[in-house]
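Spelled out from the first residue to the last, the chains are:
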2 protein chains.
Amino acid sequence: MYFSNMINVCLLGFGSVNFHLATAFVASKKVMINCIYNRSEIELPETFKNIPFTTKLKEIPESQVYIIGITDDAIQSFSNAIPFKNKLVVHTSGGVSISKLNSKNRKGVFYPLQTFSNSSELDFSKIPICVEAENEEDTALLIKLGSTISENVQKINSNKRETLHLAAVLVNNFTNHLFYIASEITKENNLDFSLLQPLIKETVQKLKTLNPIEAQTGPALRNDNQTIEKHLHLLRDEQQRELYKQLTESIQKTHGKKL
Amino acid sequence: MYFSNMINVCLLGFGSVNFHLATAFVASKKVMINCIYNRSEIELPETFKNIPFTTKLKEIPESQVYIIGITDDAIQSFSNAIPFKNKLVVHTSGGVSISKLNSKNRKGVFYPLQTFSNSSELDFSKIPICVEAENEEDTALLIKLGSTISENVQKINSNKRETLHLAAVLVNNFTNHLFYIASEITKENNLDFSLLQPLIKETVQKLKTLNPIEAQTGPALRNDNQTIEKHLHLLRDEQQRELYKQLTESIQKTHGKKL
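The rules behind each value
Counting from 1, residues in each chain are numbered in the order their sequence is written. All chains are assigned letters beginning with A, and all ligands numbers beginning with 1, in the order in which they are written. For this predicted model, a pLDDT threshold of at least 70 governs which residues receive local features, and a threshold of 80 or more governs which side-chain atom pairs are given and counted, while totals over whole chains, interfaces and linings are taken from all residues. Values shown for side chains rest on all heavy atoms present in the structure; no hydrogens or waters enter the calculation. For every residue, the accessible area obtained with a 1.4 Å probe (protein chains only) is divided by the maximum for its type, and the residue is called buried under 20%, exposed over 50%, and partly exposed between those limits. In this description a helix means any DSSP run of H or I spanning at least four residues, a strand means any run of E spanning at least two, and both kinds are numbered starting from the N terminus. Two residues form a contact once any of their heavy atoms are found within 4.5 Å. When a carboxyl oxygen of Asp or Glu lies within 4 Å of a side-chain nitrogen of Lys or Arg, that pair is called a salt bridge. Here, expected helix span is obtained from the residue count minus one, scaled by 1.5 Å. Working definition: the arc comes from the directions between the helix axis and the C-beta atoms, pointing outward to the latter. Between N or O atoms, a polar contact is any pair within 3.5 Å; within protein, one atom must be a potential hydrogen donor and the other a potential acceptor, and residues adjacent in sequence are included only when both atoms are from side chains. When two parts are brought into contact, each loses some accessible area as probed by a 1.4 Å sphere; the total of that loss over both is the buried area. Amino acids outside the nonpolar list (Ala, Val, Leu, Ile, Met, Phe, Trp, Tyr, Cys, Pro) and the charged list (Asp, Glu, Lys, Arg) are all regarded as polar, and Gly is one of them.

- An unreviewed UniProt entry annotates chain A as DUF2520 domain-containing protein of Patiriisocius hiemis.

Okay, structure coming up:
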């Protein structure tokens with residue numbers, strides 16, 4: 001059964017980004033996934049049982065968009081190994097330039113600005129999708145494809161996307177690591193990490209009404225050296241102490257300059 | 001008019017913690033604020049116009065609980081300067097030991113685990129309030145007082161509270177500073193910071209179903225050195241580069257050890 005108004009896509013690699021994209025595409029009913037390729041055999045979840053699956057590059061059928069969802073370092077060599085040509089092949093990475101894709105196909109990027117863990121359910125509708133392509137027709141198709149799952153599709157070039165990816169690393173990866181250190185500290189002291197949840201929620205909530213620079217509070221901002229010394233004493237891991245010092249200095253430098 | 005079932009409190013200092021406590025106490029209708037003391041004259045907001053205000057320590061009336069809400073470094077000397085004795089005097093700081101309070105009064109702590117900016121409205125009901133006192137009767141009164149505004153009142157001693165405060169600095173102060181750096185990076189590149197909001201939201205949302213160690217993603221975790229190098233190149237501030245390196249190393253050390 002073929003619906004002419006549906007967009008045909010083929011997913012190349014089935015890590016967490018393409019898993020979540022597949023889930024959203026299937027739910028949208030406006031996208032037909034006509035193939036999932038993965039270099040090794042995998043057990044497809046029940047929702048995707050009807051989608052043709054292959055581990056052979058040569059068996060990949062014709063599609064309107066081919067979406068590479070593999071680790072950043074492997075994108076270039078994988079795109080070189082693709083046997084077909086003159087098709088629209090996009091990757092989904094924030095940190096990889098469009099130019100890493102092989103020129104035998106039309107290049108593009110389809111980057112959902114989000115953190116993907118397999119076990120976490122996602123509502124795609126609010127996730128910004130940053131698209132880039134080499135010509136207007138392909139850009140329009142990627143915008144159309146993005147719009148099937150998200151209300152926020154943005155045309156963003158590789159340079160800007162790389163900057164956005166850096167910012168994403170700061171607000172997600174690094175923030176999550178601070179949450180990890182805090183969770184270890186509470187665990188070691190038989191305190192429940194959930195005590196910190198309202199504070200974490202408010203930290204994010206504040207961004208709606210205040211700039212981060214206005215929302216800053218705490219011992220670093222107040223130059224409260226007694227508390228800072230006490231905290232450094234409480235941290236037993238040398239690396240964590242160094243991190244605490246660097247973040248404190250960076251806050252002090254920022255607010256010394258700006259206030 | 002006096003209601004015997006109401007708790008009488010006096011607020012000593014009127015910075016953002018006591019401002020927010022006053023707002024919550026007034027709303028609760030179970031607490032009577034019978035005095036606000038501040039060392040300098042201030043214009044009280046309309047809601048507090050009926051509360052007696054003074055800048056003279058000697059004019060502070062008798063209350064069941066005196067709540068010091070001033071900067072950490074000043075708590076000890078202020079508590080020494082209080083003219084009355086044998087009353088329950090508490091401070092509201094996460095990082096200051098109960099022992100810093102002068103022994104002429106009964107000591108206590110009433111620490112709302114939250115970040116307070118004057119311009120941000122707060123729902124106190126979910127904010128953990130950590131209380132500590134020297135005897136059971138005072139502890140019971142502080143628990144009762146906390147319960148008038150919060151569903152989550154915890155008896156926590158000074159050592160544990162200081163650890164909790166350190167964890168709070170990590171998840172709020174440091175996280176907010178990372179948000180600041182990200183907001184600067186997006187601004188410099190004419191990108192809208194709000195593009196990062198769904199990612200920030202998901203970073204926090206994930207904590208409900210995953211431990212922070214399971215939720216970790218990104219170039220540091222993947223040892224994606226190409227992206228890490230690119231990000232270091234994009235950061236033009238030396239201190240921010242150092243911060244990026246330290247956080248990346250700390251993630252790698254954590255996951256090298258644990259995975």
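So that's the structure; there's more coming.
**Some points on helix α5 (residues 197-205) of chain A**
- Those residues of α5(A) not exposed but buried are Pro198(A), Leu199(A), Ile200(A), Glu202(A), Thr203(A) and Val204(A).
- Elements that come into contact with the buried residues of α5(A) comprise α4 (158-188) of chain A together with α4 (158-188) and α5 (197-205) of chain B.

**Thoughts on the pattern of salt bridges**
- Counted by the stated rule, this structure contains 24 salt bridges over all chains.
- Residue Asp138(A) pairs with Arg106(A) through a salt bridge whose shortest N-O separation is 2.8 Å. With Asp138(A) in helix α3 (residues 136-147) and Arg106(A) in strand β6 (residues 106-112), this residue pair connects regions lying 32 residues apart in the sequence.
- Judged by its relative accessible area of 4%, Asp138(A) falls in the buried class.
- In this structure, Lys253(A) engages Asp237(B) in a salt bridge whose closest nitrogen and oxygen atoms are separated by 3.3 Å. Pair noted here: Lys253(A) is in helix α8 (residues 238-258) and Asp237(B) is in the loop between α7 (225-234) and α8 (238-258), and the two residues belong to different chains.
- Three or more residues joined by partner-sharing salt bridges are found here, namely Asp72(A), Arg222(B) and Asp224(B).

**Here we look at α3(A)**
Residues and elements named next belong to chain A.
- Compared with an ideal rise of 1.5 Å per residue, which puts twelve residues at 16 Å, α3 spans 16 Å between its outermost C-alpha atoms and is within 8% of the ideal.
- For α3, the full list of buried residues reads Asp 138, Thr 139, Leu 141, Leu 142, Leu 145 and Gly 146. Buried positions in α3, seen along its axis, are confined to an arc of 160 degrees and lie on one side of it. For α3, the exposed residues set more than 90 degrees away from the buried face come down to Glu 136 and Glu 137.
- Where α3 begins, the capping side chain belongs to Asn 135, and its oxygen is found 3.0 Å from the backbone nitrogen of Glu 137.

**Here we look at the interface of chain B and chain A**
- Contacts between the two partners involve 93 residues from chain B, matched on the other side by 93 residues from chain A.
- Buried surface at the junction of chain B and chain A, both sides included, amounts to about 8900 Å², of which 64% is carbon and sulfur.
- Summed over the shared surface of chain B and chain A, the result is six salt bridges.
- Counting across the interface, chain B meets chain A through 30 residue pairs in polar contact (both at pLDDT 80 or more).
- Elements supplying a minimum of two residues to the side of chain B that touches chain A: α4, α5, α6 (212-215), α7 and α8 of chain B.
- For the side of chain B that touches chain A, the element with the highest residue contribution is α4(B), accounting for 26 residues.
- Classifying every residue of the side of chain B that touches chain A gives 41 nonpolar, 34 polar and 18 charged.

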